[in-house]
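# Close look at the chain arrangement
In case you want the letters, here they are:
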Amino acid sequence: MAHAHHKIDTHTVDFQVDPVVLELGRRFVDAGHELSLVGGPVRDLFLGRASPDLDFTTDAAPDQTVKLIKKWADNYWEIGRAFGTIGMRKAGFQIEITTYRADAYDPESRKPVVAFGSSLTDDLLRRDFTINAMALRLPTLELVDPFGGVRDLHDSVLATPGPPETSFSDDPLRMMRAARFAAQLGVSLREDVREAMTRMAERITIISAERVRDELVKLICAAHPRVGVDLLVDTGLAEFVLPEVSALRLESDEHHRHKDVYQHSLQVLEQAAALETGADGSVPGPDFVLRFAALMHDIGKPATRRFEPGGAVSFRHHDMVGSKLTSKRMKTLRFDNDTTKAVARLVELHMRFYGYGEAGWSDSAVRRYVTDAGPLLERLHRLTRSDVTTRNQRKADRLSFAYDDLEARIAAIREQESLEAVRPDLDGGQIMALLGLTPGPVVGRAYKFLLEERMEHGPLDPADAESKLRAWWAAQPEAATPAGSPAPPATIAPAGSSGVALSTTEES
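Bear in mind that the values here come from a model prediction, so they are computed numbers and not experimental data.

### Topic: the side chain of N132
Along the chain, N132 turns up in the loop between α4 (120-125) and β8 (135-137). Excluding residues that lie within four positions of it along the chain, N132 makes contacts with G39, G40, R43, R127, R177 and F181.

Here you go:
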């Protein structure tokens, strides 16, 4: 997979580190210990990026570290003590200090076997990649780079300090991290690293779903997510992490009667990311929900592909199938419910617009579109626009103009009505008062009827809503009032004032 290398000038770096770093270094050295800034923060100094999280490594044991920072830190914690790590906050920085390590994973276990080391070089050797295996000794700021991290950063290459098989055996999640760094930094993988990932891909299965999920989120939210996803698929890691995306590489039929669904999905991901807004906009980037929906939107296609008479290919209901598959995959990866529902809903709705261009929609259809999308509407706008990857410019323009028109229709209806919270014109309390009902499923049915009326015809005044409700009620089998039970007076309180909770909602 070829992509542009980003050359980094590593010869003109002036290490401007915060005084807090030097102060901490002096504390350790004065007490007879070594301390070095290490890993990501050192790499970021070369990239000209500030890092709010600072990682240090030391020959001091955790007890000695606690003694040295107890009164100096704003606060500290010992959650990672078993792994040699003491965490703290100081002057706005989150800091972790870890005792030199020489650990290894049990090949069959998810948990590292911790062994403390005594040498900075040995500690750097056990780190994931050469660009993260550099250290700055403190307080002298001497660069320690035994494995060529500066060279690899300059060449935009991702390599491991020792054999990649050893690195990935120690922690198989590093294979995911390789794809993530390619996506974040625009680096390419050294061939031995790529080959080891391909050979060892199945070992990712011993890593917990939560750790895999966290790496995947970082990859999808990176500057070049397409590069990262492509690496997962090419090396076979996706077969174990996102098999539905690997499956998008449908074998092309001999007449090339449909486009490459996999490359299309990567392009939609790229285009969706490009439509994100700044922090003040409606979809501030990077937006995981939008991006992941863009990647997953067509995963229902392999299961629904049919070759029709006459040579056409169809994918009926791939939106609904894809939504279910997305939800299942995200649950397996231990995503929270809200994120899972949001992504699955976008996948489900991504085809809805395509009826608009041909037939045009009634106002009620536009209302339903907005209501069904709910808080995801701005993301749905972007997903739908991103889903156009045709090279046929006339077709692309036609779809774009049609979507412009739909957005204009939404804006026009929004001026007249509050589309964000389409509710029936009468609430639950008013329905019960008018029809003499107590809370229960019949109230839910009446509420649903009025919601349909509101969708179809827009807002009604209370008298019209009452007359429609009474006409509906007259046709219901429950409408016959039992003898001797007088109906309550038909007075209507202002909407929303009853405070009566419905046993069923609009979703019933």
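### Quick look at the environment of F292
Looking at where F292 falls in the secondary structure, it is placed in helix α14 (residues 288-296). A relative accessible area of 0% means that F292 is categorised as buried. Remark: the alpha-carbon pair of F292 and L216, spanning 76 residues in sequence, is separated by 9.8 Å. Sequence-distant contacts of F292, defined by excluding residues within four places in its chain, comprise L216, I220, L242, M330 and V343.

### Examining the side chain of S246
Within the element layout of this structure, S246 appears in helix α12 (residues 243-246). Residues in contact with S246, not counting those within four places in the same chain, are V233, A238 and E239.

### Considering the packing of aromatic side chains
Summed over all chains, the structure comprises nine aromatic pairs. A ring pair is formed by F353 and Y403, whose centres lie 4.6 Å apart and whose planes are at 65°; its orientation type is edge-to-face. Remark: Y403 occurs in helix α21 (residues 393-416) and F353 occurs in the loop between α17 (337-349) and α18 (354-359); sequence separation between them is 50 residues. Of the two residues, F353 and Y403, neither departs from the other in class, the shared state being buried. Both rings, one in F449 and one in W472, keep their centres 5.5 Å apart while their planes meet at 15°; by these two values the pair is stacked. Here F449, found in helix α23 (residues 441-457), pairs with W472, found in helix α24 (residues 462-474); they are 23 residues apart in sequence, far enough to count as distant.

### Some points on the confidence of the model for the protein chain
In the predicted model, the protein chain carries a mean pLDDT of 85, and 85% of its residues have values of at least 70. In the model, residues 1-12 has pLDDT below 50 throughout and makes 29 contacts with residues more than four positions away in sequence or in other chains. Low pLDDT, under 50, characterises residues 482-508; the stretch is placed with 35 contacts to residues that sit more than four places away or in other chains.

### Considerations on the pairing of strand β4 (residues 85-90)
The buried count for β4 comes to five of six residues, which makes it a mostly enclosed element. Relative to β4, strand β3 (residues 75-77) runs antiparallel, the two sharing three bridges. By the bridge assignment for β4, W77 is matched with G87. Here β4 pairs with strand β5 (residues 93-99) via six bridges, running antiparallel. By the bridge assignment for β5, G87 is matched with E96. Linking β4 back to β5 in an antiparallel pair, the connection comprises two residues, with A91 at a positive phi of about 50°.

### Some details on the nonpolar core
Grouped together as the largest cluster of nonpolar side chains are 112 residues, with contacts concentrated most on F56, I95 and F292. Core analysis: the next-biggest nonpolar cluster, separate from the first, contains 17 residues, L434, V442, Y447 and L460 among them.

### Topic: the pattern of salt bridges
As enumerated under the stated definition, the model contains 32 salt bridges in all. A salt bridge links E244 to R329; its shortest N-O distance comes to 3.0 Å. Taken as a pair, E244 in helix α12 and R329 in helix α16 (residues 318-332) lie far apart in primary sequence, 85 residues in all. Of the two residues, E244 and R329, neither departs from the other in class, the shared state being buried. As a salt-bridge pair, D298 and K301 come within 3.5 Å of each other at their nearest N and O atoms. Across the pair, exposure class does not vary: D298 and K301 are buried alike. A cluster of three or more residues bridged by salt bridges with shared partners is formed by D128, R177, R180 and E215.

### Describing the environment of K324
With respect to the helices and strands, the residue K324 is situated in helix α16. Sequence spacing of K324 and V347 is 23 residues, and the spatial spacing of their C-alpha atoms is 9.0 Å.

### Some thoughts on the environment of V187
One can find V187 in the loop between α7 (173-185) and β11 (188-189). Overall, V187 belongs to the buried group, its relative accessible area being 3%. As a C-alpha pair, V187 and L153 span 34 residues in sequence and 8.2 Å in three-dimensional space.

### Things to note about the sheet that holds strand β9 (residues 142-144)
What links the strands of a sheet is backbone hydrogen bonding, and the strands pair in either a parallel or an antiparallel sense. Pairing is mixed in the open sheet, where seven strands are placed in the order β3-β4-β5-β2-β1-β8-β9. Each having just a single partner strand, β3 and β9 make up the two edges of the open sheet. Going from strand to strand, the sheet's axes swing by 30° on average, the running direction of each strand aside. Those strands touched by helix α1 (residues 19-30) are β1 (35-38), β2 (53-58), β4 and β5, and its axis lies near 30° from that of β5. Against the sheet, helix α3 (residues 62-69) contacts β2, β3, β4 and β5, and its axis sits at roughly 15° relative to β4.

### Here we look at unusual backbone geometry
In this chain, L138 is followed by P139 through a cis amide linkage whose omega measures 0°. The residue P139 is located in the loop between β8 and β9 in this model. Note that the residue after G285, namely P286, is joined by a cis bond; omega there is -5°. Even without being a glycine, A91 presents a positive backbone phi close to 50°. Along the chain, A91 falls in the loop between β4 and β5.

### Structural notes on the packing of α7 against helix α9 (residues 209-220)
Put simply, α7 and α9 touch, their axes get as near as 9 Å, and they point 10° apart. It follows from the interaxial angle that α7 and α9 lie roughly parallel. The segment α7 lies against α9, with L173, M176, R177, A179, R180, A183 and Q184 engaging R211, V212, E215, L216, K218 and L219. Across the contact of α7 with α9, the residue classes tally to seven nonpolar, one polar and five charged.

### Focus on helix α19 (residues 363-373)
Turning to α19, its buried residues are S364, V366, R367, Y369, V370 and A373. With its phi angle positive at about 55°, G374 sits one or two positions after the end of α19.

Cut-offs used in this document
Residues numbered from 1 in each chain as written. Predicted model: local features only at pLDDT ≥ 70, side-chain atom pairs only at ≥ 80, totals over all residues. Heavy atoms only, no water. Helix = DSSP H or I, 4+ residues; strand = E, 2+ residues; numbered from the N terminus. Contact = heavy atoms within 4.5 Å. Buried < 20%, exposed > 50% of the residue type's maximum accessible area, 1.4 Å probe, protein only. Phe/Tyr/Trp six-rings, centres within 6.5 Å; stacked < 30°, edge-to-face > 60°. pLDDT = per-residue confidence, 0-100. Pairing = 2+ DSSP bridges. Core = buried A, V, L, I, M, F, W, Y, C linked by side-chain atoms within 4.5 Å. Salt bridge = Lys/Arg side-chain N within 4 Å of Asp/Glu carboxyl O. Axes fitted to C-alpha atoms, helices over the stretch in contact; angles between N-to-C directions. Parallel < 35°, antiparallel > 145°, perpendicular 65-115°, else oblique. Nonpolar A, V, L, I, M, F, W, Y, C, P; charged D, E, K, R; others polar.

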